[in-house]
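The residues making up each chain are set out below.
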There are 2 protein chains.
Amino acid sequence: MSFDLPEAVGKRIYVQGKIHPKIRVPMREIELSDSLFPDGSTEKNEPVRVYDCSGPWGDPSVNCTEETGLPRLRESWIEVRGDVQRAESGALRAVSADAPPTQRAYALRGVVTPEMEFVAIRENLGREEVFREVYDRFPNEKTRPEEAQLLLDELGTGMPRPSELEAQPGFSPASMQRRADLHYRHPADYAKRTGVHVPAYFTPEFVRDELAAGRALIPVNVNHPEAEPMIIGRHFLCKINANIGNSAISSGIRQEVQKLRRAIHWGADTVMDLSTGADIHRTREWILRNSPVPIGTVPVYQALEKCDGKVESLSWEVFRDTLIEQAEQGVDYVTLHAALLQRFVPFTAGRATGIVSRGGSIMAKWMMLHGSENFLYTHWDEICTILATYDVAVSIGDGLRPGSIADANDFPQLAELEVQGELTLSAWKRGVQVMNEGPGHVPLHFIPENMRKQLLWCHEAPFYTLGPLPTDIAPGYDHITGAIGGAIIAQRGCAMLCYVTRKEHLGLPDAEDVREAVVTYKLAAHAADLAKGHPAAQLRDNALAKARFEFRWEDQFNLSLDPQRAREYHDQTLPHSGAKKAHFCSMCGPNFCAMKLSQEVREMNNEKK
Amino acid sequence: MSFDLPEAVGKRIYVQGKIHPKIRVPMREIELSDSLFPDGSTEKNEPVRVYDCSGPWGDPSVNCTEETGLPRLRESWIEVRGDVQRAESGALRAVSADAPPTQRAYALRGVVTPEMEFVAIRENLGREEVFREVYDRFPNEKTRPEEAQLLLDELGTGMPRPSELEAQPGFSPASMQRRADLHYRHPADYAKRTGVHVPAYFTPEFVRDELAAGRALIPVNVNHPEAEPMIIGRHFLCKINANIGNSAISSGIRQEVQKLRRAIHWGADTVMDLSTGADIHRTREWILRNSPVPIGTVPVYQALEKCDGKVESLSWEVFRDTLIEQAEQGVDYVTLHAALLQRFVPFTAGRATGIVSRGGSIMAKWMMLHGSENFLYTHWDEICTILATYDVAVSIGDGLRPGSIADANDFPQLAELEVQGELTLSAWKRGVQVMNEGPGHVPLHFIPENMRKQLLWCHEAPFYTLGPLPTDIAPGYDHITGAIGGAIIAQRGCAMLCYVTRKEHLGLPDAEDVREAVVTYKLAAHAADLAKGHPAAQLRDNALAKARFEFRWEDQFNLSLDPQRAREYHDQTLPHSGAKKAHFCSMCGPNFCAMKLSQEVREMNNEKK
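Remember, it's a predicted structure, so these values are computed and weren't measured experimentally.

Here's the deal with the overall build of chain A
Here is step 1 of the chain: Each helix and strand in chain A was counted, giving 23 helices and 17 strands.
Here is step 2 of the chain: Buried positions account for 68% of the 609 residues belonging to chain A.
Here is step 3 of the chain: Expressed as a percentage of contacts within chain A between residues at least 6 apart in sequence, the contacts between residues at least 24 apart total 73%.

A word on the sheet that holds strand β2 (residues 24–30) of chain A
Residue and element names in this part refer to chain A.
Here is step 1 of the chain: Spatially, β1-β2-β5 is the arrangement adopted by the three strands of the open sheet, whose pairing is antiparallel. The sheet is open, and its two edges are formed by β1 (11–16) and β5 (48–51), each paired on a single side. Strand after strand, the sheet turns through a mean of 45° between neighbouring axes, direction not considered.
Here is step 2 of the chain: Where β2 lies against β5, four bridges are found, and the strand directions are antiparallel. Within the sheet, the bridge partner assigned to Ile30 lies in β5 and is Val48.

Considering the pattern of salt bridges
Residues and elements named next belong to chain A.
Here is step 1 of the chain: Per the counting criterion, the structure on display carries 90 salt bridges over all chains.
Here is step 2 of the chain: For the salt bridge of Asp52 with Arg28, the shortest nitrogen-to-oxygen distance reads 3.9 Å. In this pair, Asp52 sits in the loop between β5 and α1 (75–80) while Arg28 sits in strand β2, placing the two residues 24 residues apart along the sequence.
Here is step 3 of the chain: Between Arg208 and Asp209 there is a salt bridge whose closest N-O contact spans 3.2 Å.
Here is step 4 of the chain: Its relative accessible area of 36% is what places Asp209 among the partly exposed residues.

Digging into the packing of helix α16 (residues 411–429) of chain B against helix α17 (residues 447–457) of chain B
Packed helices, taken two at a time, are described by the angle their axes make and the gap between the axes.
All names here are of chain B.
Here is step 1 of the chain: Across the interface, α16 lies against α17 with an axial gap of 8 Å and an inter-helix angle of 30°. As α16 runs across α17, the sense of the crossing is right-handed. Mapping the contact onto sequence places Gln413, Leu414, Leu417, Glu418 and Gly421 in α16 and Asn450, Lys453, Gln454 and Trp457 in α17.
Here is step 2 of the chain: A breakdown of the residues in the contact of α16 with α17 according to their chemical character gives three nonpolar, four polar and two charged.

Thoughts on the sheet that holds strand β11 (residues 270–273) of chain A
All names here are of chain A.
Here is step 1 of the chain: Pairing is parallel around the closed barrel formed by eight strands, whose spatial order is β10-β11-β12-β13-β14-β15-β16-β17. Pairs of neighbouring strands in the sheet enclose a mean axial angle of 25°, with direction left out of account.
Here is step 2 of the chain: Note: strand β14 (residues 393–396) against strand β15 (residues 434–438), three bridges, orientation parallel. When the sheet's bridge partners are listed, Val394 is paired in β15 with Val434.
Here is step 3 of the chain: Strands β14 and β15 of the sheet are contacted by helix α16 (residues 411–429), whose axis makes an angle of about 165° with β15.

Structural notes on the interface of chain A and chain B
Here is step 1 of the chain: Opposite the 138 residues of chain A that make contact, chain B presents 138 residues.
Here is step 2 of the chain: Taking both partners together, chain A and chain B bury about 11,900 Å²; carbon and sulfur atoms supply 68% of that area.
Here is step 3 of the chain: The interface formed by chain A and chain B contains zero salt bridges.
Here is step 4 of the chain: Counting across the interface, chain A meets chain B through 18 residue pairs in polar contact (both at pLDDT 80 or more).

Quick notes on the packing of aromatic side chains
All names here are of chain A.
Here is step 1 of the chain: Counting across every chain of the model gives 20 aromatic pairs over all chains.
Here is step 2 of the chain: Centroid distance Trp77 to Phe118: 6.1 Å. Interplanar angle 50°. Geometry classified as tilted. Separated by 41 residues along the polypeptide, Trp77 in helix α1 and Phe118 in helix α3 (residues 114–123) bring together distant segments of the chain.
Here is step 3 of the chain: For Phe118, a relative accessible area of 1% translates into the label buried.

Side note on the packing of helix α11 (residues 299–306) of chain B against helix α12 (residues 316–329) of chain B
Residues and elements named next belong to chain B.
Here is step 1 of the chain: Relative orientation of the contacting elements α11 and α12 amounts to 125°, with a least axis distance of 9 Å. One way to sum up the angle between α11 and α12 is to call them oblique. Regarding α11 and α12, the two cross each other, and that crossing is right-handed. Where α11 abuts α12, its residues Pro299, Val300, Gln302, Ala303 and Lys306 lie against Val318, Phe319, Asp321, Thr322, Leu323, Glu325 and Gln326.

Comments concerning the relation of the copies chain A and chain B
Here is step 1 of the chain: For the pair chain A and chain B, the superposition axis carries a translation of 0.0 Å, the fit reaches an RMSD of 0.0 Å, and the rotation angle comes to 180°. Accordingly, the operation relating the two chain copies is best matched by a two-fold axis. Using C-alpha coordinates, one finds that chain A approaches the rotation axis most closely at A:Ile484, a distance of 2.3 Å.
Here is step 2 of the chain: In this assembly, 100% of the residues forming the interface of chain A have copies in chain B that are likewise at the interface, indicating an isologous arrangement.

Here we look at the pairing of strand β10 (residues 239–244) of chain A
All names here are of chain A.
Here is step 1 of the chain: Across the six residues that make up β10, a large majority, five, are buried.
Here is step 2 of the chain: Inspection of the sheet shows β10 paired to strand β17 (residues 496–498) by three bridges, in the parallel sense. Paired with Ile240 across the bridge in β17 is Leu497.
Here is step 3 of the chain: Of the strand pairs in this sheet, β10 and β11 are connected by four bridges, and their pairing is parallel. Residue pairing in the sheet places Ala242 in a bridge with Val271 of β11.

Some details on the pairing of strand β11 (residues 270–273) of chain B
Residue and element names in this part refer to chain B.
Here is step 1 of the chain: Here β11 shows no split at all, with Thr270 and Met272 on one side and Val271 and Asp273 on the other all buried.
Here is step 2 of the chain: Sheet topology note: the β11/strand β12 (residues 295–297) ladder contains two bridges and is parallel. Within β12, the position partnered with Met272 by the bridge is Gly296.
Here is step 3 of the chain: In terms of handedness, the path from β11 via helix α10 (residues 280–289) over to β12 forms a crossover that is right-handed.

Considering the state of the cysteines
Here is step 1 of the chain: For the structure on display, the rule yields zero disulfides over all chains.
Here is step 2 of the chain: Take A:Cys494: it sits in no disulfide, and the sulfur closest to it among the cysteines is that of A:Cys238, at 6.1 Å.

A few points about helix α22 (residues 563–573) of chain A
Here is step 1 of the chain: Those residues of α22(A) not exposed but buried are A:Pro563, A:Arg565, A:Ala566, A:Tyr569, A:His570 and A:Thr573.
Here is step 2 of the chain: In this structure, the buried side of α22(A) is in contact with α19 (511–532) and α21 (553–559) of chain A.

A closer look at the confidence of the model for chain A
Caution is warranted with low-pLDDT regions, since their predicted coordinates should not be read in detail.
Residues and elements named next belong to chain A.
Here is step 1 of the chain: Of the residues in chain A, 87% reach a pLDDT of 70 or more, and the chain-wide mean stands at 87.
Here is step 2 of the chain: Predicted confidence is poor over residues 129–157, with pLDDT under 50, and the contacts of this stretch with residues over four places away or in other chains come to 47 contacts.
Here is step 3 of the chain: Predicted confidence for residues 182–189 stays below pLDDT 50, and this span has 24 contacts to residues more than four positions away or in other chains.
Here is step 4 of the chain: This prediction of the complex comes with two scores: 0.93 for pTM and 0.92 for ipTM.

Quick word on unusual backbone geometry
Residues and elements named next belong to chain A.
Here is step 1 of the chain: Residue Gly440 is reached from Pro439 by a cis peptide bond, and omega for that bond is 15°.
Here is step 2 of the chain: With respect to the secondary-structure elements, Gly440 resides in the loop between β15 and α17 (447–457).
Here is step 3 of the chain: In this structure, Pro468 follows Gly467 across a cis peptide bond, with omega equal to -10°.
Here is step 4 of the chain: In this fold, Pro468 is placed in the loop between β16 (463–466) and α18 (478–491).

A few points about helix α15 (residues 380–390) of chain B
All names here are of chain B.
Here is step 1 of the chain: Of all eleven residues in α15, eight are buried, a share of seventy percent or more.
Here is step 2 of the chain: Among the residues of α15, Trp380, Ile383, Cys384, Ile386, Leu387, Ala388, Thr389 and Tyr390 are the ones counted as buried.
Here is step 3 of the chain: Contact partners of the buried residues in α15: β7 (92–94), α12, β13 (333–336), α14 (375–378), β14 (393–396) and α16.
Here is step 4 of the chain: Just beyond α15, the residue with positive phi is Asp391, at close to 55°.

A closer look at the side chain of A:Glu418
Here is step 1 of the chain: Within the secondary structure, A:Glu418 sits in helix α16.
Here is step 2 of the chain: Each residue touching A:Glu418, except ones within four places of it in the same chain, is listed here: A:Trp457, B:Arg161, B:Pro162 and B:Ser163.

Examining the environment of B:Leu530
Residues and elements named next belong to chain B.
Here is step 1 of the chain: For Leu530, the position within the fold is in helix α19 (residues 511–531).
Here is step 2 of the chain: Residue classification places Leu530 among the buried positions, given a relative accessible area of 3%.
Here is step 3 of the chain: Taking the C-alpha atoms as reference points, Leu530 and Gln491, 39 residues apart in sequence, are found 8.5 Å from one another.

So, the environment of A:Gly277
Here is step 1 of the chain: By the secondary structure assignment, A:Gly277 is in the loop between β11 and α10 (280–289).
Here is step 2 of the chain: Put simply, A:Gly277 and A:Leu314 are 37 residues apart on the chain and 17 Å apart in space, counted from C-alpha to C-alpha.

Remarks on the environment of B:Val331
Here is step 1 of the chain: Relative to the assigned elements, B:Val331 resides in the loop between α12 and β13.
Here is step 2 of the chain: For B:Val331, a relative accessible area of 1% translates into the label buried.

Rules used throughout
- Residues numbered from 1 in each chain as written.
- Chains lettered and ligands numbered in written order.
- Predicted model: local features only at pLDDT ≥ 70, side-chain atom pairs only at ≥ 80, totals over all residues.
- Heavy atoms only, no water.
- Helix = DSSP H or I, 4+ residues; strand = E, 2+ residues; numbered from the N terminus.
- Buried < 20%, exposed > 50% of the residue type's maximum accessible area, 1.4 Å probe, protein only.
- Contact = heavy atoms within 4.5 Å.
- Pairing = 2+ DSSP bridges.
- Axes fitted to C-alpha atoms, helices over the stretch in contact; angles between N-to-C directions.
- Salt bridge = Lys/Arg side-chain N within 4 Å of Asp/Glu carboxyl O.
- Left-handed = near helix turned anticlockwise from the far one by under 90°.
- Nonpolar A, V, L, I, M, F, W, Y, C, P; charged D, E, K, R; others polar.
- Buried area = accessible area lost by both parts, 1.4 Å probe.
- Polar contact = N/O pair within 3.5 Å; in protein donor to acceptor, adjacent residues only side chain to side chain.
- Phe/Tyr/Trp six-rings, centres within 6.5 Å; stacked < 30°, edge-to-face > 60°.
- Parallel < 35°, antiparallel > 145°, perpendicular 65-115°, else oblique.
- Least-squares fit on C-alpha atoms with pLDDT ≥ 70 in both.
- Right-handed = clockwise from strand over helix to strand, strands pointing away.
- Disulfide = S-S within 2.5 Å.
- pLDDT = per-residue confidence, 0-100.

Next comes the structure, spelled out in structure tokens:
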């Protein structure tokens, strides 16, 4: 490690593919110590496998340097398909426009690619079997055992009062436990209401079907073979994106690569390079060659740099060339503000905060200066053809997202969303993988409406939101504000959250800001995964809770999203090493520990039996 | 200031009462600079009034020291009512058990006390008039203008598609703006669904009616005249509580008073003293005499100290004496785990994390050891009589709250909640003000169910929750985890959130942890207030958003929940003082600023007209 990243806890393991035995899906496995009971007996605790975004950087047995870049994992997978060829520039591109090398096109043809099997294994977190009894994919509702269905129906309208249960014949702690378990583990009513149906087990075929339906995407440019496949869709784990990028004011190339490594160490699933300063091309090259996660960009930033920052000089031709340049370099997805139409711009004049999207305001100014429709909209088909040639996914931007609570859910925001839906359909027709970007600053009670409208108007394409931030008054804490909105919208099906750092609205994030933001968004996304009923998500919570209850401090730290932080905070109160084996915790001291008292209660209860 | 608290931004003002002209309600008023437009014209910005919990400590013209304590604000209000007398101990108590000096009893008799007018003015944030046109208290739905009602009906089912609106005759930005405003400002459908109906303007009579209905409480012991009245109820601003208190392991008395001052500086509405170590009585005395906010305790902690930590020695008599001691001292509300019944305890043995409430585990152990029912339950009427004598409010504890996602919404948790409802009714009968405590560790999709069941089973008594924490895997970040759950439950009517610090589960919070936690919970509570439609809440967001859009950096900092943090983060990127007047922000630099571009778009739009 050339800089101050802590070592990852646990060991890197790989799970092999079955359809494609050559694939090896990386995970992290966290070993746990045995439970030790007061009577001296012990119990083994299974290791916990967690999702790992750090790629070869997180595998101590791989020797990588920033100068040489990462191994070209997917190179042979791409070559063997025989549908790409080298262009003059050396970049790969489709042999024929009729057979784009996109994961969407393969899915529509019924093909299960190595990428699809890779993400299926990854989403299962290494589980080999379905372990839930009855919670299954909802199209197959009738296969559920009858008893479970009856309970689900009952629970759907809320459990009866505890006193009513107590009055039932045969009532006992054991019988109640079973009901409570079913209640928790099978949130049927909930899934029905939100339209988020996570399957009990992810198969490569399920991945393929979701891709074909447009409900998910795997952003992997054929020119970014270093990328490990990951999937974005509401029936999968919620993903998070971290933004990096220098601006005219600060930052250098090596720092950007280190920001990337830092972001993926803490768990960023994709990274957007939003550089706007000098050396955009070279910075991006370093980032791509060192990134195991998909890289997104906003190509109009570079196009504008080529025009010396003069919006009036911007043109379709400059933009097109920039898009091709980035596609050939390996960018996995691009944000295009193509749904911001000329007639919507006057509506922003009455807003509290006008246009707050950089890309959006560039396009708006261009349209005002030229009196013409947005060239991204008028050239959409040509753009889609370019994207399909390299399997670059498109993230249709929300240039008119609200920049304040006052502007939330207003006409220009919703008008643009409707056009995003129109563009989604035509991009799909050309085989392009699509997601839609969303707000922004939105009060809590408007968040579900944003998700519903996006699903409805954009035909269930994955939603990718920035925040949302449910209040404007907490600069310095906007990672938290955004995580509140993010958890809520992710729970309802938002597929990826773009992180907001605590420096948002104030300055550029440093290393600690990136760590804080990534971990904060991971916890928000994870909370949503639990609520979505992701079958493997709760294993980690259960393991951590058990470790906490049994005072296995080291296990508790190791299972945390940020083990170093957890250990550091513990040690501030009780620094001596004996305290990590103490059978009480540091808040209450030995006489007042609730967990300790509770264990004593449990023992007394056992003795009574 | 004897320690490192920053100065509050803005100036302390007081708003005088009308029914009770002697009352002066403290607020903070933040002056704003003028807007400066590119054509050289300016526009005045009204100052913004914000809620202020800091009491005399926040008024530079009041000279207070920790040794002398605070002025006895309410002494004359209490004396003039003539229903209390001095006991031998010197403490005030009811003259007659038939006429308890509780705010609930006054409300039931139709009296508007100075305390009630005080909180009405406070909740209005100094607004003198109703400024919403049509959003009114929902019982008066028929008084709404017809046009507004029609729009509300339309919006209740979601706005039509933008393209449908565009097709309507007379469609223009201005006509759309009006619809969007109504959409935003009058979340009728939302309020109907959640049962949270915040009035457009708070009158003392509204406060009285909410108190009489048991939907709110003003925790003010007659022996804590230093306390400034505040109200806890779902139709008011959401409140937050900060816990302080030493344990056997660390902390001293003066530090505890400083923790109190720090918590109220950042915005804690009440403070619980959870001390368990030596000097409990003396620590509490210092805290009470220096606290302008209500102080809560868990009396069983001190009762157990009196028994040298031996649960078996605990008895109703020791507890009763402790309760009277604390009531005479001036404690404003007490947590009593009276709803944790003997028959529920065996259900916790099968849990992942047993009992995690300190008070709950003490009572459970006592019941196991003695084979008897909870003495707090069996002596409930006697307890309520004591509480009513001093106007101590009761916070009925949730000793069986889940300590992990795995245990959420299980039988023992819900069984205790049902008994909380039973105890609420009998406490109300004796004139006692009541709230109910709630969880805990709860996944996102179970949170609304917790709120619904509490409202239903506990007869709309205010709910006061710890978190809830929607995942277990983020120790070190649990203030954020808790704020996510807190915002969601507060939006649905939870009246007060107990903060969780980032040290939760790991150690004791220090000064920075308290600051971080209070501000985090303030932002969560404020996000909920916006969603609840609190009429004054959004004024601050709007003012901050406007300042941000106009690059009035100092105003943006000053309107923040944590002005020092916002300024510090800004200065890390752009330290020179000129940058605070710069017409661009520090993330994008001068050429790429979206706000700047957007202002240019607005100007071009104006020129065109």
